[in-house]
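What follows is each chain in one-letter form.
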Amino acid sequence: MRSSSTDPVLRPSDEVADALANGAPVVALESTIISHGLPQPRNLEVARELEGVVREAGAVPATIAVLDGVPRIGLEEPELQRIATEPGLRKLSQRDLPMAAALKASGATTVSATSFLAARAGIRVFATGGLGGVHRGWTEDQDESADLDTLARTRITVVCAGVKSILDVPATLQRLETRGVSVAGFRTDTFPGFYLHSSGLPVDWRIESPEEAAAVMRGQDALGGQESALIVANPVPRDLQLDPELHDRVLAEALTAAEREGVKGQAITPFLLGYLVDGTGGASLEANLAAVRGNTALAARIALAWATS
């Protein structure tokens, strides 16, 4: 990957450019949670909070978005405010980036777009909430998130709380295995359940420290081969998770409502997540934020271990 300091396509902030040039730890953050995942004005508060979590750990945050067709690697305060408040902002997957560049469009980046742009900039660690994956009913609709394909060909470490629990989690784990994406549980033997501490599904590998994550990253580079990602699956603490019974009941209601109303394709994820927020009285949103905070803090520690290894 080319460094953002010489890449004519990317525009890093001065802070991020200096950090990359000096080998300092940097953590990529997505912008979709700001523009599409949270209501105003809380979205801007959370964006600032997550950047603060990274800085407190001694790393540099790089919130990624596309503004007027230009991929921004690290946002200044006015740009962060724009992502949080501009109406009609697009949600950009990796496939949308050439269109946005050519048409000078603005948008927030999803996991796939953020992973791609971060890796191109030379950033190795990325923190998010939950990954996309294989949707329920995929045998009929063949509905699968672009996240999986991007992670299969992008050398980046993604710290997440598993995949969104509205998805077919067993099928998603199988696809990650098939595509050669490494998955390690952070101090857990089971794959996290996004809003829930555990999905109940086992993970084959477990790591205990940021230093072990950095060692795996070094192993990826030493062995070469497929430029695939490392997923560090970090569960939300049990005392901050969504009540499992409430989760299962509301999710079942949401799936029934989606089928009744014929909601499919790109509309299904926001429909189900919105239903969960409403049906749990906002508790699912709080569990999501707890997971994102924990993932961001861990990603910063991994970035520090990587920079000093």
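Predicted model, so just to flag it, every value in this text is computed and none were measured.

### Overview of helix α11 (residues 244-261)
Okay, so step 1: Here α11 is 18 residues long and its end C-alpha atoms lie 26 Å apart, about the 26 Å a rise of 1.5 Å per residue gives.
Okay, so step 2: Turning to α11, its buried residues are H247, V250, L251, A254, A257 and A258. For α11, the angular spread of buried residues about the axis comes to 125°, placing them on one side. Set apart from the buried face of α11 by more than 90 degrees, the exposed residues are E245, E259 and R260.
Okay, so step 3: Summarising the contacts, the buried residues of α11 are in contact with α12 (268-279).
Okay, so step 4: Just downstream of α11 lies G262, where phi reads positive at about 70°.

### Quick word on the pairing of strand β3 (residues 60-67)
Okay, so step 1: For β3, the tally of buried residues reaches eight of eight residues, placing the bulk of the element in the interior.
Okay, so step 2: Going residue by residue along β3, you find V60, A62, I64 and V66 tucked away on one face and P61, T63, A65 and L67 tucked away on the opposite face as well.
Okay, so step 3: For strand β2 (residues 26-29) and β3, the ladder comprises four bridges, and the chain directions are parallel. By the bridge assignment for β3, V26 is matched with V60.
Okay, so step 4: With antiparallel pairing between neighbouring strands as the criterion, β3 and strand β4 (residues 70-73) make up a hairpin whose turn holds two residues, including D68 at a positive phi of roughly 55°.
Okay, so step 5: Pairing geometry for β3 and strand β6 (residues 107-109), over two bridges, is antiparallel. Residue pairing across strands places A65 opposite A108, the latter belonging to β6.

### Quick notes on helix α1 (residues 14-21)
Okay, so step 1: For α1, the set of buried residues is V16, A17, A19 and L20. Buried positions in α1, seen along its axis, are confined to an arc of 165° and lie on one side of it. Exposed positions of α1 whose direction lies more than 90 degrees from the buried face are D14 and A21.
Okay, so step 2: Of the surrounding secondary structure, the elements contacted by the buried residues of α1 are β1 (11-12), β2, β3, β4 and α6 (111-121).
Okay, so step 3: Just downstream of α1, G23 is the residue with a positive phi angle, here 70°.

### Let's talk about the packing of α11 against α12
Okay, so step 1: At a minimum axis distance of 9 Å, the contact between α11 and α12 shows a crossing angle of 135°. Considering the angle they form, α11 stands oblique to α12. As α11 runs across α12, the sense of the crossing is right-handed. Along its contact with α11, which presents L246, H247, V250, L251, E253, A254, L255, A257, A258 and E261, the element α12 presents I268, F271, L272, Y275, L276 and G279.
Okay, so step 2: By residue class, the composition of the contact of α11 with α12 is twelve nonpolar, two polar and two charged.

### As for the pattern of salt bridges
Okay, so step 1: Counting across every chain of the model gives 17 salt bridges.
Okay, so step 2: R48 serves as the salt-bridge partner of E77, at 2.5 Å between the closest nitrogen and oxygen. Linking E77 in helix α4 (residues 77-85) with R48 in helix α3 (residues 42-56), this pair joins segments that are 29 residues apart in sequence.
Okay, so step 3: With relative accessibility at 40%, the residue R48 sits in the partly exposed group.
Okay, so step 4: Note that R72 and E79 form a salt bridge whose closest N and O atoms lie 2.4 Å from each other. For the pair shown, R72 and E79 are each scored as buried.
Okay, so step 5: Through salt bridges with shared partners, a single network forms among E15, E51 and R55.

### Examining the environment of G279
Okay, so step 1: Positionally, G279 belongs in helix α12.
Okay, so step 2: For G279, a relative accessible area of 35% gives the class partly exposed.
Okay, so step 3: Spatially, the C-alpha atoms of G279 and R249 are 9.2 Å apart, while their sequence positions differ by 30 residues.

### So, the layout of surface pockets
Okay, so step 1: In this structure, the largest pocket encloses a volume near 1300 Å³.
Okay, so step 2: As for the largest pocket, its lining consists of 50 residues, and the residues nearest its centre are T32, K91, T110, K164 and T269.
Okay, so step 3: For the lining of the largest pocket, the secondary structure elements donating two or more residues are α2 (32-35), α3, α6, α8 (146-152), α12 and α13 (283-307).
Okay, so step 4: A per-element tally of the lining of the largest pocket places α12 first, with six residues.
Okay, so step 5: Taken together, the residues of the lining of the largest pocket sort by class into 21 nonpolar, 21 polar and eight charged.
Okay, so step 6: Surrounding the second largest pocket, 20 residues form its lining, V181, S182, V183, D204 and W205 being those nearest its centre.
Okay, so step 7: Going through the elements one at a time, α9 (169-178), β9 (182-186), β10 (206-207) and α10 (210-223) are the ones with two or more residues in the lining of the second largest pocket.

### Describing the side chain of S13
Okay, so step 1: Tracing the backbone shows S13 in the loop between β1 and α1.
Okay, so step 2: At a separation of 3.2 Å, a polar atom in the side chain of S13 contacts the main-chain amide nitrogen of V16.
Okay, so step 3: Beyond its immediate sequence surroundings of up to four residues, S13 is in contact with I73, G74 and E76.

Rules of the game
Residue indices follow the written sequence of each chain, beginning from 1 at its first position. Per-residue local features are limited, in this predicted model, to residues with pLDDT of at least 70; the limit for side-chain atom pairs, both in listing and counting, is 80 or more; totals at the level of whole chains, interfaces and linings are taken over all residues. Water and hydrogen atoms were dropped before computing side-chain values, which therefore reflect all heavy atoms in the structure. Working definition: helices are DSSP H or I runs of at least four residues, strands are E runs of at least two. Numbering for both runs from the N terminus. A helix's residues, less one, multiplied by 1.5 Å, set its expected span. Between buried and exposed lies partly exposed: a residue is buried under 20% and exposed over 50% of the maximum accessible area for its type, with that area taken using a 1.4 Å probe on protein chains only. By arc we mean the arc of the directions from the helix axis to the C-beta atoms, nothing more. Residue contacts follow a heavy-atom distance rule, with two residues in contact if any of their heavy atoms lie within 4.5 Å. Here, a strand pair is defined by DSSP locating no fewer than two bridges between the strands. Lines fitted to C-alpha atoms define the axes, with helix axes restricted to the stretch in contact, and inter-axis angles between N-to-C directions lie between 0 and 180 degrees. For classification purposes, an angle smaller than 35 degrees is called roughly parallel, one larger than 145 roughly antiparallel, one from 65 to 115 roughly perpendicular, and anything else oblique. Note on convention: near helix rotated counterclockwise from far helix by under a right angle means a left-handed crossing. Clockwise means right-handed. Ten residues, namely Ala, Val, Leu, Ile, Met, Phe, Trp, Tyr, Cys and Pro, are considered nonpolar, four, namely Asp, Glu, Lys and Arg, are considered charged, and the remaining ones, Gly among them, are considered polar. Criterion for a salt bridge: a side-chain nitrogen of Lys or Arg within 4 Å of a carboxyl oxygen of Asp or Glu. Grid points spaced at 1 Å and placed over the protein atoms alone form the basis of the search, with a cavity being a set where a 1.4 Å probe fits but cannot get out and a pocket an open set showing protein on both sides within 12 Å along at least five of seven lines. Lining residues have an atom within 4 Å of a point. Grid points are joined across faces, edges and corners, and a volume is the space filled by probe spheres set on the points. We call two N or O atoms a polar contact when they sit within 3.5 Å, provided that within protein one can donate a hydrogen and the other can accept it, with sequence-adjacent residues counted only if both atoms are side-chain atoms.

Geometric values such as these leave the question of function open.
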